[in-house]
Amino acid sequence: MEEKMQTHGIKFKDKIGYALGDMGGLLSFSLIAAFLNMFYTDVLHISAGKITVLMIVARVWDALNDPMWGAFIDSRKPTRFGRFRPYIIWASFPMALGAFLMFFKVPGLSENQYLIYAYITYIFYGMMYTGVNIPYGSLASVITDDEIERSSLSMWRSIGAGVGGLPAQILLPLMVYSTVANADGTNAKVLDPTKLSVAVGCLSILSVMIFVLHFKLTKERVQLPPTQKQSDFNVLQTVSVLIKNRPFIVLCAVSMLLICFQMYTQTVYNYLFKNYFEKPGLYSIVTICTYLPMAMFLPFMGKLIKKFGKKEICAAGLGFAAVVNIIMYFIGFTPAAENPYVFLALTFFSGAGQTFLVLEVWALVMDVIDYQEFLSGRREEGTSYSFYSFTRKLGQTIAGAGAAAILGWIGYNGELAVQPKEVLPKLYNISTLIPAIILIVMFVLIAFFYKLSKKELEKLHLQMEERRKSREENE
């Protein structure tokens with residue numbers, strides 16, 4: 001009974017504390033999707049091609065940095081504050097500084113100097129975000145080992161992420177633009193670097209405060225197996241098992257595409273509302289339309305998961321969202337495409353389909369980490385999550401570099417306050433067709449290749465419980 005109390009029984013403060021962790025990270029991370037590409041093109045005047053190379057170089061470094069950080073955490077002995085919480089609080093301070101510097105325009109630099117500055121600040125922020133995110137992502141699996149409680153943590157993490165993304169997606173679009181006069185006497189909205197840097201500075205300070213509160217409210221309950229020694233840790237052995245962990249590989253691909261979808265749409269929708277609809281302020285409503293379904297489904301998620309299972313409900317939602325995005329694309333050939341409110345309504349229904357995966361993806365992560373323990377007999381969340389985190393960053397890179405490349409391909413010019421007319425329908429097309437394709441691929445992967453169905457999970461947890469009991473009896 002004592003052991004059960006150590007590994008189960010999370011309290012409301014644990015849920016709030018865990019949600020605050022992703023909220024603190026998303027305050028700055030969501031700025032990348034919403035404004036970084038535009039900051040580079042419209043403020044620093046870096047070409048789309050150079051931005052693409054920057055994103056690729058940063059991910060090459062992450063391919064080394066992320067696994068090294070995860071392996072380092074797994075090789076360390078737990079401190080009196082736990083295995084993961086200390087790293088989160090320590091890395092949150094330089095991460096906040098990196099976020100501010102990433103969106104700060106140093107006056108008087110040349111184009112090449114701005115490019116070098118972008119490399120330094122973007123890569124530094126990415127390293128510090130890794131320092132926070134890998135231990136944070138690993139934390140849920142040691143807060144509780146109960147499947148229902150983990151599902152609850154996943155939902156609360158999604159809530160925290162949604163709240164953390166609100167400033168970048170709702171408040172800042174209303175605050176960081178200034179009106180300038182064109183040569184023909186018309187007015188246009190442009191991104192104001194001074195307003196943006198002040199806003200990011202405030203969010204950076206707030207993020208540190210939130211991480212301090214996160215540290216105080218969370219508790220690590222699940223301990224390492226008694227037979228597991230940190231001195232025996234072998235990263236190559238762990239990786240060899242991860243490669244055999246098919247649910248882990250499939251979930252990495254799905255999560256990579258999910259973050260790619262989210263960041264790509266946030267980026268191109270910003271351009272779409274600014275240039276196609278000529279209503280940049282309406283961009284803030286996109287977030288409301290995307291996350292309102294989450295609030296509507298949240299009270300029923302527990303019952304839906306118990307009845308249908310996590311995999312099953314996520315697959316159904318992705319299929320529905322894919323159909324909605326296909327409809328959005330074909331509406332582009334009708335007069336209704338010029339009405340931003342039609343677009344926003346369809347965004348709501350797309351968000352309804354995505355809600356199930358967004359709310360449950362972190363519970364799925366805990367499931368595949370449990371499956372990793374089933375295969376290897378060891379708990380090595382740091383290394384597992386570092387590889388998972390790296391694939392999500394690949395999604396970020398594909399979205400960032402891909403969006404920049406595609407914008408360049410359709411003829412978008414960041415130095416022009418008003419884009420040429422022939423660019424606008426192309427902008428609408430890339431804002432709808434590419435997201436539809438991503439959702440279709442995600443649906444196929446989760447529906448047909450992810451093996452941890454409701455029935456298989458029940459069998460897995462029963463086998464792991466029997467193994468743990470047997471291990472305790474033999475000690």
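Residues numbered from 1 in each chain as written. Predicted model: local features only at pLDDT ≥ 70, side-chain atom pairs only at ≥ 80, totals over all residues. Heavy atoms only, no water.

**Quick look at the side chain of Asn275**
At step 1: With respect to the helices and strands, Asn275 occurs in helix α9 (residues 246-276).
At step 2: Beyond its immediate chain neighbours, meaning those up to four positions away, Asn275 contacts Tyr412, Gln419, Leu424 and Leu427. (Helix = DSSP H or I, 4+ residues; strand = E, 2+ residues; numbered from the N terminus. Contact = heavy atoms within 4.5 Å.)

**Thoughts on the pattern of salt bridges**
At step 1: The full count for this structure, using the stated rule, is ten salt bridges.
At step 2: Between Asp14 and Arg221 there is a salt bridge, with its nearest N and O atoms 2.9 Å apart. A residue pair is termed long-range when its members are at least 10 positions apart, and Asp14 in helix α2 (residues 12-43) and Arg221 in the loop between α7 (193-217) and α8 (235-244) qualify at 207 residues. Pair check on accessibility: Asp14 and Arg221 agree, each one buried.
At step 3: Between Asp22 and Arg157 there is a salt bridge, with its nearest N and O atoms 3.2 Å apart. One end of the pair, Asp22, is in helix α2; the other, Arg157, is in helix α6 (residues 147-171), and 135 residues separate them in sequence. Note on accessibility: Asp22 and Arg157 belong to one class, buried.
At step 4: One network of salt bridges, in which partners are shared, links Arg59, Asp62, Asp66 and Lys393. (Salt bridge = Lys/Arg side-chain N within 4 Å of Asp/Glu carboxyl O. Buried < 20%, exposed > 50% of the residue type's maximum accessible area, 1.4 Å probe, protein only.)

**Comments concerning empty space enclosed by the protein**
At step 1: For the structure on display, the rule yields six cavities of 30 Å³ or more.
At step 2: Leu26, Ala161, Ile259, Gln262 and Arg392 are the residues nearest the centre of the largest cavity, which is lined by 25 residues in total.
At step 3: Sorting the residues of the lining of the largest cavity by element identifies α2, α5 (111-143), α6, α9, α13 (340-376) and α14 (381-409) as the ones contributing at least two each.
At step 4: Within the lining of the largest cavity, the residues separate by chemical class into twelve nonpolar, nine polar and four charged.
At step 5: Within this model, the second largest cavity holds a volume of roughly 250 Å³.
At step 6: Looking at the second largest cavity, it is lined by 19 residues, and the ones nearest its centre are Phe261, Thr265, Gln266, Thr290 and Gln354.
At step 7: At the level of secondary structure, the elements contributing two or more residues to the lining of the second largest cavity comprise α9, α10 (283-297) and α13.
At step 8: Classifying every residue of the lining of the second largest cavity by side-chain character gives eight nonpolar, eleven polar and no charged. (1 Å grid on protein atoms, 1.4 Å probe; cavity = no way out; pocket = protein on both sides within 12 Å on 5 of 7 lines; lining within 4 Å. Points joined across faces, edges and corners; volume = space filled by probe spheres on them. Nonpolar A, V, L, I, M, F, W, Y, C, P; charged D, E, K, R; others polar.)

**Section: the nonpolar core**
At step 1: Phe35 and Tyr40 are the most contacted members of the largest nonpolar core, which has 141 residues in total.
At step 2: With 19 residues, the single largest contributor to this core is α9.
At step 3: Leave out the neighbours within four places in its chain, and Phe35 touches Phe103, Ala168, Leu172, Pro173, Val176, Tyr177, Leu191, Leu196 and Asn270. (Core = buried A, V, L, I, M, F, W, Y, C linked by side-chain atoms within 4.5 Å.)

**Quick look at the layout of surface pockets**
At step 1: Estimates place the volume of the second largest pocket at around 300 Å³.
At step 2: Along the walls of the second largest pocket sit 14 residues, with Lys274, Asn275, Glu278, Ala417 and Val418 positioned nearest its centre.
At step 3: For the lining of the second largest pocket, the elements supplying multiple residues, two or more each, are β2 (187-191) and α9.
At step 4: If one sorts the elements of the lining of the second largest pocket by residue count, β2 sits on top with three residues.
At step 5: For the lining of the second largest pocket, a count of residues per class yields six nonpolar, four polar and four charged.

**Thoughts on the confidence of the model for the protein**
At step 1: Per-residue pLDDT for the protein has a mean of 86; in total, 94% of the residues score no lower than 70.
At step 2: Confidence over residues 1-5 falls short of pLDDT 50; this stretch has one contact with residues more than four positions distant or in other chains. (pLDDT = per-residue confidence, 0-100.)

**Observations concerning the packing of aromatic side chains**
At step 1: Applying the stated criterion across every chain yields a total of 30 aromatic pairs.
At step 2: Ring centres of Tyr271 and Tyr412 lie 4.8 Å apart, and the angle between their planes is 85°; this geometry places the pair in the edge-to-face category. Taken together, the residues Tyr271 in helix α9 and Tyr412 in the loop between α14 and α15 (423-448) connect sequence positions 141 residues apart. When sorted by exposure, Tyr271 lands in the same class as Tyr412, which is buried. (Phe/Tyr/Trp six-rings, centres within 6.5 Å; stacked < 30°, edge-to-face > 60°.)

**A closer look at the pairing of β2**
It is a general feature of regular strands that their side chains alternate between the two faces of the sheet.
At step 1: As paired strands, strand β1 (residues 177-181) and β2 are joined by five bridges and run antiparallel to one another. When the sheet's bridge partners are listed, Thr179 is paired in β2 with Lys189.
At step 2: Linkage of β1 to β2, two consecutive antiparallel strands, is achieved through a turn of five residues, within which Gly185 is found at a positive phi near 90°. (Pairing = 2+ DSSP bridges.)

**What about α13?**
At step 1: With 37 residues, α13 ought to run about 54 Å at 1.5 Å a step, and its terminal C-alpha atoms sit 52 Å apart, in line with that.
At step 2: At Val361, α13 shows its maximal kink, close to 50°.
At step 3: Here α13 lies mainly inside the structure; 29 of its 37 residues are buried.
At step 4: Two or three places before Tyr341, at the start of α13, stands the capping residue Asn339, its side-chain oxygen 2.9 Å from that residue's backbone nitrogen. (Expected span 1.5 Å × (residues − 1). Bend = angle between axes of the 7 residues up to and from the residue. Polar contact = N/O pair within 3.5 Å; in protein donor to acceptor, adjacent residues only side chain to side chain.)

**A few points about the packing of α2 against helix α4 (residues 85-102)**
Angle between the axes and distance between the axes: these two values describe a pair of packed helices.
At step 1: The contact between α2 and α4 brings their axes to 10 Å, and the two run at 20°. By the criterion of interaxial angle, the relationship of α2 to α4 is roughly parallel. Judged by the sense of rotation from one axis to the other, the crossing of α2 with α4 is left-handed. Residues Gly24, Gly25, Ser28, Ile32, Leu36, Phe39 and Tyr40 of α2 form the contact with α4, whose participating residues are Met95, Ala99 and Met102. (Axes fitted to C-alpha atoms, helices over the stretch in contact; angles between N-to-C directions. Parallel < 35°, antiparallel > 145°, perpendicular 65-115°, else oblique. Left-handed = near helix turned anticlockwise from the far one by under 90°.)

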